[in-house]
Amino acid sequence: MEPKQHLYLVDGSAYIFRAYHRLPPLTNPQGVPVGAVYGYTTMLWKLADDLHKADGPTHLAVILDASGKSFRNDIYDQYKANRPPPPEDLKPQFPLIRDATRAFSLPCIEEQGLEADDLIASYARAATERGWDVTIVSSDKDLMQLVGKCKHGEDGEACIDMLDTMKNQRIDVPEVIEKFGVPPELVGDVLALMGDSVDNVPGIRGIGPKTATKLIQEHGSLEAALAAAPDMKPSKLRDSLIEQAEMARLSRVLVQLKEDCPLPVALDDFKLDTIPPDPLAAFLEEHGFNSLLKRLGDGRGSPERRVDLNPAKPVTAGAAPTAGSSRQPLPELPPIDRSKYVCVQDEPTLAAWIERAMAARLVAFDTETSSIDAMRAELAGISLALGPGDACYIPLGHGGTDMFAERPAQVEKTRALALLRPLLESEAVLKIGQNAKYDLNILARHGIDVGPVDDTMVMSFDLDAGRSMDGIGGGHGMDELAARHLGHTTLTFKDICGSGKKTIPFGEVPLDRATEYAAEDAEVTWRLHRLLKPRLSEEGATRVYERVDRPLVPVVAQMERHGIRVDRDKLAGLSATFAEEIAKLEGQIHELAGQPFTIGSPKQLGEILFDKLGFKGGKKGKTGQYSTDQGILERLSGEGAAIADRVLEWRQLSKLRSTYTEALQAAINPETGRVHTSYSLVGAQTGRLSSTEPNLQNIPIRTELGRQIREAFVAEPGNVLLAADYSQIELRLAAHMADVPALKEAFAEGEDIHARTAMEMFGEVNRDTRGRAKTINFAILYGISRWGLGGRLGVPADEAQAMIDRYFERFPGIRHYIHSTLESVRANGYSETLFGRKCWFPRISSNNPNERAGSERAAINAPIQGTSADIIKRAMVRMMPALEAAGLSHVRMLLQVHDELVFELPEADVPAASKVIEAVMAGAAEPAVPLSVPLGVEIGTGLSWGAAH
DNA sequence: GGCCGAACGTA
DNA sequence: GTACGTTCGGCCC
């Protein structure tokens, strides 16, 4: 028989507050306060010492609070409202807690919307159900409710106790009774009566611990005490109990621990091995914890030392995992075996799978459909995975198109979805998707609001954006992730459905093949989640994942479903006008050329211009072709070449017609009559969204002709469109991040920022100097180079360099920002936004100077562009709740264009909605990152997108 | 049918 | 000089 398993659950968040208040202030060699971190480290040290003792841990995890809001705020909005912000010198220690945990190679769990207490309760219950003993490392009184809860599992009795490491005291049932006067199962009733000022649990006014205990002892429960109140002798206590009975009941709910939370990491993955000494030593050294370092002594280099990279296993693409990324290795799983999958074709089997998924509290899922376009796709089936080799496919729309072939047996679609709905919508079951936004949209169209959801594609992005090396892709698609992390080659869509003309819809794929493909996707998603989720906390990506990108998934999904109305007739009219003009120009161009040719071919055009017509200044690029881009043609036009002028006009009109007026008409969804773009959450390495099919982030605005296309984006009758833009957000962020007093001042005063720059640079402001200043400001954001700036301004490189020097002289913070950013990217391999979003630059140390310089420019830009992306994403996440709280439930958020949000709303709501939108956007960095510049938001409204600007 | 480079639309 | 996506012609298979 296996030895008894013993799980330790460390209440990390509560611990550091206690450690902070109990220990003297202490700073590390870099001057960062680390007193609480030191206390936390010694606590982990003590636990690690017990590792191989008889009653020591066999499994261990640290549990942290991930976010300020939880389900308790939905029940009682004042919950934890009185809690003061943490002291300034404690704040920087929070992220270090994760570093410390990582240094011990221990798993660290946190989950948005859940408090550490609830996760601890859920893990404790799950472990005792399996017959494991549990020790909760905490002294939190709420958690005392759990003590003693025994189960009779396979291994006999399993119990929960607590360990207060500060007092070095075990807390078991007698200790709980000593503290509360009642056994653990009644602690919740006592807590409900006495309330808690720190958490702002109301309780009953005038009742403290003493009276609460007495009442519960006498009556046996909260409800009994409340029921007995009218018969008590008249007193203040009696009146309070009667008057505030509801408050007590509410408090009872608030102190109740949630034991059925989805478990983001499986219990088996908390298995403890040995603590590898190297990362620990590095951590102790970095923070100057010399006494501990000494005690670690010659543990370094011992035979237990673990090797980071096992060549037999698949290797993460990009930079090899470096010091600090080690952890207790996850137990190995059997290889993927597609023969184990089940095709679910009848209701009882389906019901059994749903029941098992409910019990597992974690299920990977995937939908199969007829199209890549979620707004047009027909549902063909759903796959579920509960573990390795434990996956199924539920066909729902197979067959039926061929009248002569027999339709395979399947559970009827509506019936199956009705059965699946409680699972997919259950708060207690974590659903894991790969690009879950797609599946959310498919299921939303069938009336199912899936949640809570984790997304492995988004996790991969938050961990590894930009991390690709020669020969190894850096993408976040399922096939690529499976190859990179699991060493597994998945069946591809092409393998199953073919490609090109011979593509068959998924609903026509035979069920055995469909099952292999679909269930494999779900199992791969399950396995990826198991690998990636723990990496989030280990690699400092939790904040950006939990607070920004994860909650954004359903928000963006909803925007895609909303779509935007376009005026087809208006587009058709423009298209016809453009076509006429294009034909006219074509005739003139062929006339001027002396022969017909394909104007759209740069190759042919170049030959006509420079070979046949003999214009000078033809430059051939690396492909041996003449360049005929806008700059060249404008120069020729200035030199009097009429043909160049006509070609420029022809190009503008052709572009507008083919890319916009024609393509947008084709993109109108016949069912909704609207255009639904698809946003990629992992499209831009910096963290921006990207938009495809169609791209609604590059609708023209700069020229009058192009602007007419924006007029075709319109509101429904009775509604208007509202466009809200951040003004100069990247420059504002640069001013903040590089700490440039002159620029910050200008933004604070609402000055014209380019004019201010012109004044600083040239001593006077006029059209010319302001324009040059504007160019320089942008050049800074894009990673400046003398040649680039020179080219833009039309001055020699040395003159441009002089301007750059002058800029640095006037705004010294900028030079320092560039220098320190590059320094840090070279040292760590990645840049970081103010919110901790990483962007990797594997070529920053390339031997190729061009490549290296390119990476450097991108690395200077990424924190600024990425922080701006983080901020608007945070605004998007908060927007609908804020509007709803203001009673503005008819406002719909339709589009995001990097620094702009577009809404559709009833005209009457404009004043109220403008206020909310402005406030949410302007405050979106707070409270995580207080900015030293205000964020300006400009709002316009109109019947069309064009008019709203 | 699939891929690449040139050109050009946006922030 | 940053970050994207789409269209087109030209070329490959």
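Residues numbered from 1 in each chain as written. Chains lettered and ligands numbered in written order. Predicted model: local features only at pLDDT ≥ 70, side-chain atom pairs only at ≥ 80, totals over all residues. Heavy atoms only, no water.

An unreviewed UniProt entry annotates chain A as DNA polymerase I originating from Novosphingobium ginsenosidimutans. Turning to chain A, the UniProt annotation filed under Subunit (unreviewed entry) states: "Single-chain monomer with multiple functions." What UniProt records for chain A under Sequence similarities (unreviewed entry) is the sentence "Belongs to the DNA polymerase type-A family." (UniProt positions renumbered as here; feature names shortened; annotations may be inferred.)

(A) Focus on the confidence of the model for chain A. Model confidence for chain A is summarised by a mean pLDDT of 90, while 95% of its residues fall at 70 or above. Throughout residues 300-325 the model reports pLDDT below 50, and contacts reaching past four residues in sequence, or to other chains, amount to 42 contacts. (pLDDT = per-residue confidence, 0-100. Contact = heavy atoms within 4.5 Å.)

(B) Fine view of the domain arrangement of chain A. Here the domain parsing of chain A yields domain 1 (6-175 + 258-269), domain 2 (338-557), domain 3 (565-675) and domain 4 (733-861). Relative to domain 3, the C-alpha centre of domain 2 lies at a distance of 43 Å. (Domains from an automatic or database assignment.)

(C) Local environment of the protein's contact with DNA strand B. With respect to spatial proximity, 19 residues lie near DNA strand B, and among them Thr628, Lys655, Ile701, Arg702 and Asp899 are the closest. Restricting attention to atoms of DNA strand B within 4 Å of the protein, one finds that 78% of them are sugar or phosphate atoms. At 3.0 Å from a phosphate oxygen of DNA strand B is found a main-chain nitrogen or oxygen belonging to Gln630. Within the side chain of Asp899, a nitrogen or oxygen atom sits 2.8 Å from a sugar or linking oxygen of DNA strand B. The dominant element in the surface near DNA strand B, judged by the number of residues it contributes, is helix α25 (residues 642-666), at three residues. For the surface near DNA strand B, the residue count by class is five nonpolar, seven polar and seven charged. (Near = heavy atom within 4 Å. Polar contact = N/O pair within 3.5 Å; in protein donor to acceptor, adjacent residues only side chain to side chain. Helix = DSSP H or I, 4+ residues; strand = E, 2+ residues; numbered from the N terminus. Nonpolar A, V, L, I, M, F, W, Y, C, P; charged D, E, K, R; others polar.)

(D) How the structure looks around the sheet that holds strand β23 (residues 892-896). Sheet architecture is open: four strands sit in the order β23-β24-β20-β25, paired in antiparallel fashion. The two strands at the open ends of the sheet, each matched to only one other strand, are β23 and β25 (936-942). Averaged over all neighbouring strand pairs, the angle between strand axes comes to 25 degrees, with direction disregarded. Summarising the sheet, strand β20 (residues 719-727) and β25 pair through seven bridges and their orientation is antiparallel. Its bridge partner being in β25, Asp725 is matched across the sheet by Glu938. (Pairing = 2+ DSSP bridges. Axes fitted to C-alpha atoms, helices over the stretch in contact; angles between N-to-C directions.)

(E) Local environment of the UniProt feature "domain: DNA-directed DNA polymerase family A palm" (unreviewed entry) in chain A. Under the local residue numbering, the UniProt record ascribes the feature "domain: DNA-directed DNA polymerase family A palm" (unreviewed entry) to residues 706-909. Helix makes up 60% of residues 706-909 and strand 14%, and the two end C-alpha atoms of the span are 30 Å apart.

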